[in-house]
Amino acid sequence: MDWLTSIRVAIGYMESHLEDDICAQDVADEVMMSSFFFQKGFSLLTGFGVGEYIRNRRLYKAAIDLQKSDDKIIDIAFRYRYETPESFAKAFSRFHGVSPSQVRQGVPAKTFLPLKIEISIHGGNSMDCKIKTMYQLKVIGFERIFDSENSYQEIPKFWNEFFEKYSGDSLPDSASEDKIEKAVRQNNIGEYGICIDDIGGGKFRYLIAGEYSGGEVPDGLTVYEFPKCDWAVFDCFGPLPKTLQETNTRIFKEWLPGNPEFDFFGNANIEWYGKGDTAGADYHSAIWIPVGKKE
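Residues numbered from 1 in each chain as written. Predicted model: local features only at pLDDT ≥ 70, side-chain atom pairs only at ≥ 80, totals over all residues. Heavy atoms only, no water.

The next point concerns the overall build of the protein chain. In terms of helices and strands, the protein chain carries 10 helices and nine strands. Counting all 295 residues of the protein chain, 47% fall into the buried class. Taking the contacts inside the protein chain whose residues are at least 6 apart along the sequence as the reference set, 71% of them involve residues at least 24 apart. Summed over all atoms, the accessible surface of the protein chain reaches about 15600 Å², with 49% contributed by carbon and sulfur. (Helix = DSSP H or I, 4+ residues; strand = E, 2+ residues; numbered from the N terminus. Buried < 20%, exposed > 50% of the residue type's maximum accessible area, 1.4 Å probe, protein only. Contact = heavy atoms within 4.5 Å. Areas by Shrake-Rupley, 256 points an atom, 1.4 Å probe, with all protein chains shown as cover.)

Shown next, in the form of structure tokens:
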């Protein structure tokens, strides 16, 4: 199904299972999409994380139940997947600004209605996109597993660790460098940031990588090979991270919705970083997403 249809089906699925034990992985599975891509696109399109949306809708429904039923607060807490009345009261008060007992007594609660997704066309500029077929792409790099819920905060820390240890003048001359440092040089590790969604559970692998040129793979590095695939390549010109973030948003809000030719295909995406000043107005980077022709 196309991207907008997937989002609408996903919202319907979440609405039907607010009282069930579901997570972002379950929702992505329902629309047969990579959990990483689905969560990223959902957040960019709606402004809410999947887990955040489910929590907000449960807390709104809980407020309605408090206002319109005589059910005990503890029963309402359990109904909307809170393990204790205390955890429910804390989350409820943080979201609504008032306690469950106050809402029961008639104090108004915050409204959070189901999302409705509509497409709107703005302007007349098309995105700078090229479709490339990659017959083989083998990369090598440092791998770490991240949770989709906090990856935007944790991945930059991973990059900071990499830059502190392996960037610029911090690398020794070739005569004295160890095996990992040599591999960083030979394979230009740091050229790519790669997300691979193949472990489930709301988690994904992330590689700070370069194109593998052959030779020994030292302990601490991982090699990954992409199968033959078509990639939509979006060139970005401008300072990081602002330019990449804006392009990501446009991909999910403008390029994918209603695209007559292409849809998601695969379980990975790549950010490519050129050389130069990342804060410069002409800095060149790119986003690659795997796509397939619609039938």
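This brings us to the packing of aromatic side chains. The final tally for this structure, using the stated rule, is 30 aromatic pairs. Both rings, one in Phe37 and one in Phe264, keep their centres 4.6 Å apart while their planes meet at 25°; by these two values the pair is stacked. In this pair, Phe37 sits in helix α3 (residues 35–46) while Phe264 sits in strand β7 (residues 262–264), placing the two residues 227 residues apart along the sequence. The exposure class assigned to Phe264 is buried, which follows from its relative accessible area of 15%. With 6.4 Å between their ring centres and 35° between their planes, Phe146 and Phe204 make a pair best called tilted. Residue Phe146 is found in strand β2 (residues 137–147), and its partner Phe204 is found in strand β4 (residues 203–211); the two are separated by 58 residues along the sequence. (Phe/Tyr/Trp six-rings, centres within 6.5 Å; stacked < 30°, edge-to-face > 60°.)

What follows concerns the packing of helix α1 (residues 3–16) against helix α4 (residues 50–68). Interhelical geometry of α1 versus α4 gives an angle of 45° and a closest axis separation of 10 Å. Our classification of the angle between α1 and α4 gives oblique. Crossing handedness for the pair α1 and α4: right-handed. When α1 is examined against α4, the residues Ile11, Met14 and Glu15 are found in contact with a partner set consisting of Val50, Tyr53, Ile54 and Arg57. Residue classes in the contact of α1 with α4 are distributed as five nonpolar, no polar and two charged. (Axes fitted to C-alpha atoms, helices over the stretch in contact; angles between N-to-C directions. Parallel < 35°, antiparallel > 145°, perpendicular 65-115°, else oblique. Left-handed = near helix turned anticlockwise from the far one by under 90°. Nonpolar A, V, L, I, M, F, W, Y, C, P; charged D, E, K, R; others polar.)

Formed by 73 residues in total, the largest nonpolar core has its most connected members in Met14, Phe38, Phe142, Tyr206 and Ile289. Top contributing element to this core by residue count: α4, with eight residues. Apart from residues no more than four positions distant in its own chain, Tyr206 is found in contact with Phe142, Glu143, Arg144, Phe146, Ile155, Phe158, Trp159, Gly193, Ile194, Cys195 and Tyr273. Tyr192, Ile194, Leu207 and Val233 belong to the second largest nonpolar core, which has 17 residues in total. (Core = buried A, V, L, I, M, F, W, Y, C linked by side-chain atoms within 4.5 Å.)

Let's shift gears to the pattern of salt bridges. Overall, the coordinates contain 14 salt bridges when judged by the stated rule. The partner of Lys157 in a salt bridge is Glu154, and the shortest N-O contact between them spans 3.3 Å. Here the residue Lys157 and the residue Glu154 both occupy positions in helix α8 (residues 151–166), the gap between them amounting to three residues, near one helical turn. Here Lys157 falls in the partly exposed class, since its relative accessible area comes to 45%. Put simply, Lys179 and Glu216 hold a salt bridge, and the shortest N to O gap is 3.3 Å. Here the residue Lys179 occupies a position in helix α9 (residues 179–186), and Glu216 occupies one in the loop between β4 and β5 (222–226), the gap between them amounting to 37 residues. We classify Glu216 as exposed; its relative accessible area is 53%. (Salt bridge = Lys/Arg side-chain N within 4 Å of Asp/Glu carboxyl O.)

Attention now goes to the side chain of Ser35. By the secondary structure assignment, Ser35 is in helix α3. With a relative accessible area of 2%, Ser35 lands in the buried category.

The subject of this paragraph is the packing of α3 against helix α10 (residues 242–255). Running from N to C, α3 and α10 cross one another at 90°; their axes reach a closest spacing of 9 Å. Regarding the angle of α3 to α10, the classification is roughly perpendicular. Listed contacts from α10 to Phe37, Lys40, Gly41, Leu44 and Leu45 of α3 are Asn248, Thr249, Phe252 and Lys253. Grouping the constituent residues of the contact of α3 with α10 by class yields four nonpolar, three polar and two charged.

Pairing between β2 and β5: five bridges, direction antiparallel. Counterpart to Lys138 in the pairing with β5 is Glu225. (Pairing = 2+ DSSP bridges.)

We now examine the state of the cysteines. Here the structure, examined in full by the defined rule, presents zero disulfides. You can see Cys195 has no disulfide; the closest cysteine sulfur is in Cys236, sitting 14 Å from it. Cysteine Cys236 is unpaired, with the sulfur of Cys129 as its nearest cysteine sulfur at 11 Å. (Disulfide = S-S within 2.5 Å.)

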